[in-house]
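# Working through the structure, step by step
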Amino acid sequence: MAIGLEDKKAIVADVNETAANALSLVVADARGVTAGAMDSLRKQARENNVSLRVVRNTLAKRAMQGTEFECLNDQLVGPSIFGFSMEDPGAAARLFKDFAKEQEKFEVKALSVGGKALDASQLDVLAKLPTLEQALGQLASVMIAPVTKLVRTFNEVPTKVTRVVAAVRDQKQDAA
């Protein structure tokens, strides 16, 4: 069924708004994947705050003009499913990576983050980015490490004095 001009404009505007607010984009080819599997992917995407879109490439190219994902225009060939990460840059990459393990026909074509187009082989790099909670945990552990070391150092002084006193006591007892 043909899409009218007004519908195409609405699709372009909607995808453009999503692209403008997204942190990263992963593009994949889902030919041959069953409808049930795609429903499962959509459910996981909603849980991970990833916006999935299936859009014609010509409309996607128009929608991505003026966004940091414009660099992917050359890779938009054939059927494409777009995964926009809205909060966590690695969310769509992790989602597509896990889904590709289960579905042999699902193939990641390209990805983009920070205005740079990356090859599909770089998917692991993006997927291994820590989530916000993990990054905050790492930051907290780095910030607390000097304080912990200082406390340990202060605690060692009385411990050493106690050991010296105990050694002197043992020496005097052995001598007596």
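Above this note sits the structure.
Quantities reported herein were computed from a predicted structural model and do not represent experimental measurements. All residue numbers refer to position in the chain's written sequence, counted from 1. Since the coordinates come from a predicted model, pLDDT governs what is reported: local features require at least 70, and pairs of side-chain atoms require 80 or more to be given and counted, while whole-chain, interface and lining totals use all residues. With hydrogens and water set aside, each side-chain value is computed from the structure's full complement of heavy atoms.

As a further point, take the packing of aromatic side chains. Pairing of aromatic side chains requires ring centres within 6.5 Å, counting the rings of Phe and Tyr and the six-membered ring of Trp. Pairs whose planes differ by under 30 degrees are stacked, by over 60 edge-to-face, and all others tilted. Counted under the stated rule, the structure contains one aromatic pair. Aromatic pair Phe-82 and Phe-84: ring centres 6.5 Å apart, planes at 20°, arrangement stacked.

Accessible area is worked out with a 1.4 Å probe on protein chains only. A residue is then buried under 20% of its type maximum, exposed over 50%, and partly exposed in between. Counting from the N terminus, the helices are DSSP H or I runs at least four residues long and the strands are E runs at least two residues long. For strand β1 (residues 24-29), a buried count of six out of six residues is recorded, marking the element as mostly surrounded by other parts of the structure. Here β1 shows two buried faces, one formed by Ser-24, Val-26 and Ala-28 and the other by Leu-25, Val-27 and Asp-29. In this scheme, strands are said to pair when DSSP sees at least two bridges between them. The pairing of β1 with strand β3 (residues 81-85) spans five bridges and is classified as antiparallel. Residue Val-26 lies in a different strand from β3, and its bridge partner there is Gly-83. When β1 meets strand β4 (residues 107-113), the two strands line up antiparallel, connected through six bridges. Bridge pairing in β4 places Ala-28 opposite Val-108.

Taken together, the five strands give an open sheet; going across it, the order is β2-β3-β1-β4-β5, and neighbouring strands pair in antiparallel fashion. The sheet is open, and its two edges are formed by β2 (50-54) and β5 (116-119), each paired on a single side. Neighbour-to-neighbour, the strand axes of this sheet turn through a mean angle of 20°, independent of strand direction. Whether two residues are in contact is decided by their heavy atoms: any pair within 4.5 Å suffices. Angles shown run from 0 to 180 degrees and are taken between the N-to-C directions of axes, each axis being a line fitted to C-alpha atoms and, for helices, limited to the stretch in contact. Sheet contacts for helix α4 (residues 91-102): β1, β2, β3 and β4; angle to β3, the most-contacted strand, approximately 140°.

What follows concerns the environment of Asp-29. Its location among the elements puts Asp-29 in strand β1. Overall, the relative accessible area of 9% leaves Asp-29 in the buried class. Counting along the chain gives 24 residues from Asp-29 to Arg-53, while the straight-line C-alpha distance between them is 12 Å. Nitrogen and oxygen atoms within 3.5 Å of one another constitute a polar contact, given that in protein one can donate a hydrogen and the other can accept it, and given that sequence-neighbouring residues count only through two side-chain atoms. A distance of 2.7 Å separates the side chain of Asp-29 from the side chain of Arg-31, its partner in a polar contact.

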